[in-house]
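Listed below, chain by chain, are the residues.
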Amino acid sequence: MKTHLVWLRNDLRTLDNPALYAACQDPQARVIALFIPTVSQWQQHGMAGRQAAFIRDGLRLLSEELQHLGVPLLIREAEMFNDSIEVLYQVVEQFQVNALFYNYQYELNEHQRDRQAEQKLNEQGIACQGFHDGTLVPPGSVLTGKGTMYHVYTPFSKALAAKLRQELPECYPAPQGRTAPKDISADKVPDFTPMAEHYDQQLFPAGAREALRRLREFSLHNAADYDKQRDIPAKKGTSELSPYLATGQLSARQCLHRILRDNPDALSGGKGAVWLNEIFWREFYRHLLVAHPRLCRHQPYTDWTRHIEWRKDKKHLSAWQQGKTGYPIVDAAMKQLNTTGWMHNRLRMIVASFLVKDLLIDWREGERYFMSQLLDGDLAANNGGWQWAASTGTDAAPYFRIFNPQLQGERFDPEGEFIRRWIPELDQVPGKAIHDPWTWAKKHQVTLDYPQPVVEHKKVRQTTLQAYEAARKQGQNSEE
């Protein structure tokens, strides 16, 4: 009997899973699934413990769904990515696997691992079939007229939309159920100790079914007005689907098909287009990662920014991490992150700008800290967002664009509703005064249990501009 093996990674779902669907097309083949947790590698890469727990819970639900399909899920642990190749080969030998099916991963280490695994299996006569799954279209298929990767988002998004209007990527159904192998039992999903940490399971329940439920609800009720609600952190105006996308409990294709079902003109700029742009940004950063692998090594996209002289101020970095900068909107955002593992997108831009351009701390410090906390940690999106904020990346914010944290709070949380939710120490400060609580406290002779601002925005803005300008000149001189 033929045996097909599905190697699961960031694709923890039975619906719209190209590798699983293809493996199940032969009714005569028995199908088994395999997941190889590499906890030591995850820790080395700084993955959040709460994300490991989210993956664990998603796996447990997936195992139940696979059992209903007659596909047992095996769990075989390995220390590092390279070790997983040997573990994979052991499973192939143990169950006399004839063909391997898997969905591509685009990060550098994962890509190299997959090539080595394919080479080893091909040498033994094992057929390997890989599928594009983490993107709407294959990386490298949306290029400029010169055949190169776009380095500006807007023309990339227009080209992608045009490509999708011509042909939508297929959304695969769940495979048909089959008789489960009598001699193979599903493994118990381990706890991923000592790494896994608690996360709010009510805020983000794991599982592909929950992801689809949220997608349907958001598409029907919120996507059309997303442009009006998305920047207000006190409102539930965003989809909050990023943890499911990051771990593969939901696919970008499912998002695309659902949004077009409820908003047919989204690809042409109609209702739903602004939210679809968020999916396109995710796509852009993943395509960039493939075109420029150095981004996986945390190198800046814009070369001259390597010359920026960053400050190594541990106290300021710690204040930012703990939400004790003295800037309410920044501190509330960081407390949201530290507590929930998620942060509103507008707030991500504000806190990133503050770390890099108010504190002049290396953007990579922020990138690492985010990954250590985020339930939706994703290398491409996280790196792309941080490089955008730091003006070091492709299509980044101009280096002289520096958010004023107080004005950002006044604009997007005018009455301080979000701030009060996360900083109860400021609850006595009325209305708009919450964005400058020290002026109000001084005027009313009130003592606040809240830190003084760690820096004065106007002063540090000039210092940051000078640092960037000096780096740009140094970069120009080195090219001459």
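What counts and how
Residues numbered from 1 in each chain as written. Predicted model: local features only at pLDDT ≥ 70, side-chain atom pairs only at ≥ 80, totals over all residues. Heavy atoms only, no water. Phe/Tyr/Trp six-rings, centres within 6.5 Å; stacked < 30°, edge-to-face > 60°. Helix = DSSP H or I, 4+ residues; strand = E, 2+ residues; numbered from the N terminus. Buried < 20%, exposed > 50% of the residue type's maximum accessible area, 1.4 Å probe, protein only. Salt bridge = Lys/Arg side-chain N within 4 Å of Asp/Glu carboxyl O. Pairing = 2+ DSSP bridges. Right-handed = clockwise from strand over helix to strand, strands pointing away. Axes fitted to C-alpha atoms, helices over the stretch in contact; angles between N-to-C directions. Parallel < 35°, antiparallel > 145°, perpendicular 65-115°, else oblique. Left-handed = near helix turned anticlockwise from the far one by under 90°. Contact = heavy atoms within 4.5 Å. Nonpolar A, V, L, I, M, F, W, Y, C, P; charged D, E, K, R; others polar. 1 Å grid on protein atoms, 1.4 Å probe; cavity = no way out; pocket = protein on both sides within 12 Å on 5 of 7 lines; lining within 4 Å. Points joined across faces, edges and corners; volume = space filled by probe spheres on them. Core = buried A, V, L, I, M, F, W, Y, C linked by side-chain atoms within 4.5 Å.

Here the focus is the packing of aromatic side chains. The relative placement of two aromatic rings is captured by the distance of their centres and the angle of their planes. Inspection of the entire model under this criterion finds 26 aromatic pairs. Look at Phe 156 and Phe 284: their rings are 5.1 Å apart centre to centre, the planes differ by 45 degrees, and that puts the pair in the tilted class. Here Phe 156 is found in helix 6 (residues 153–166), whereas its partner Phe 284 is found in helix 11 (residues 273–291), with 128 residues between them in sequence. For the pair Phe 156 and Phe 284, one class covers both residues: buried. Ring centres 5.5 Å apart and planes at 40 degrees place the aromatic pair Trp 281 and Tyr 285 in the tilted group. Residue Trp 281 and its partner Tyr 285 are both found in helix 11; the two are separated by four residues, about one turn of the helix. For Trp 281, a relative accessible area of 23% corresponds to the partly exposed category. Judged by its relative accessible area of 11%, Tyr 285 falls in the buried class. A network of ring pairs unites the aromatic residues Tyr 150, Tyr 153, Phe 156, Trp 281, Phe 284 and Tyr 285 as a single cluster.

Let us look at the pattern of salt bridges. Side chains bearing opposite charge may pair, as long as their charged atoms lie close to each other. Counted by the stated rule, this structure contains 27 salt bridges. Across the pair Glu 210 and Arg 213 runs a salt bridge, and its minimum N-O distance is 2.8 Å. Residue Glu 210 and its partner Arg 213 are both found in helix 7 (residues 208–221); the two are separated by three residues, about one turn of the helix. The residue Glu 415 makes a salt bridge to Lys 432 at a minimum N-O spacing of 2.9 Å. A residue pair is termed long-range when its members are at least 10 positions apart, and Glu 415 in the loop between helix 17 (405–412) and helix 18 (417–422) and Lys 432 in the loop between helix 18 and helix 19 (437–443) qualify at 17 residues.

Another point: the pairing of strand 2 (residues 30–35). Of all six residues in strand 2, six are buried; the element is thus mostly enclosed. Residues Arg 30, Ile 32 and Leu 34 of strand 2 are buried on one face, and the alternating residues Val 31, Ala 33 and Phe 35, pointing to the opposite face, are buried as well. Note: strand 1 (residues 3–8) against strand 2, six bridges, orientation parallel. Within strand 2, the position partnered with Val 6 by the bridge is Ala 33. Between the parallel elements strand 1 and strand 2, the chain passes through helix 1 (residues 18–23) in a crossover that is right-handed. Alignment of strand 2 against strand 3 (residues 73–75), held across three bridges, turns out to be parallel. Looking at strand 3, one finds that Leu 34 is bridged to Leu 74.

Moving on: the packing of helix 14 (residues 345–358) against helix 16 (residues 379–390). Direction vectors running N to C along helix 14 and helix 16 enclose 55 degrees, while the axes themselves pass 9 Å from each other. Compared by their axis directions, helix 14 and helix 16 come out oblique. The crossing of helix 14 and helix 16 is right-handed. Side by side, helix 14 and helix 16 meet where Met 349, Ala 352, Ser 353, Leu 355, Val 356 and Lys 357 of the first sit next to Trp 386, Trp 388, Ala 389 and Ala 390 of the second. Of the residues belonging to the contact of helix 14 with helix 16, the class tally is eight nonpolar, one polar and one charged.

Our next topic: the layout of surface pockets. Space inside the largest pocket adds up to approximately 1,200 Å³. Lining the largest pocket are 38 residues; nearest its centre among them are Glu 278, Trp 281, Asn 345, Arg 348 and Ala 381. In terms of residue count, the dominant contributor to the lining of the largest pocket is helix 11 (eight residues). Residues that form the lining of the largest pocket fall into these classes: 21 nonpolar, seven polar and ten charged. One number sums up the size of the second largest pocket: a volume of about 820 Å³. Surrounding the second largest pocket, 36 residues form its lining, His 45, Phe 81, Glu 107, Glu 110 and Met 371 being those nearest its centre. Only strand 1, helix 2 (39–44), helix 3 (49–68), helix 4 (81–94), helix 5 (108–123), helix 15 (363–373) and helix 16 provide two or more residues apiece to the lining of the second largest pocket. The leading source of residues in the lining of the second largest pocket is helix 5, at four residues. Taken together, the residues that form the lining of the second largest pocket break down as 14 nonpolar, 13 polar and nine charged.

The next subject is the pairing of strand 5 (residues 127–131). Where strand 4 (residues 99–103) meets strand 5, five bridges bridge the pair, whose relative direction is parallel. The residue of strand 5 that forms the bridge with Leu 100 is Cys 128. Handedness of the crossover joining strand 4 and strand 5 through helix 5 is recorded here as right-handed.

With that settled, consider the nonpolar core. Leu 136, Leu 250, Trp 275, Phe 280, Trp 320 and Tyr 468 are the most contacted members of the largest nonpolar core, which has 103 residues in total. Judged by nonpolar contacts, the second largest core, of 29 residues, contains Val 39, Met 47, Ala 99 and Phe 101.

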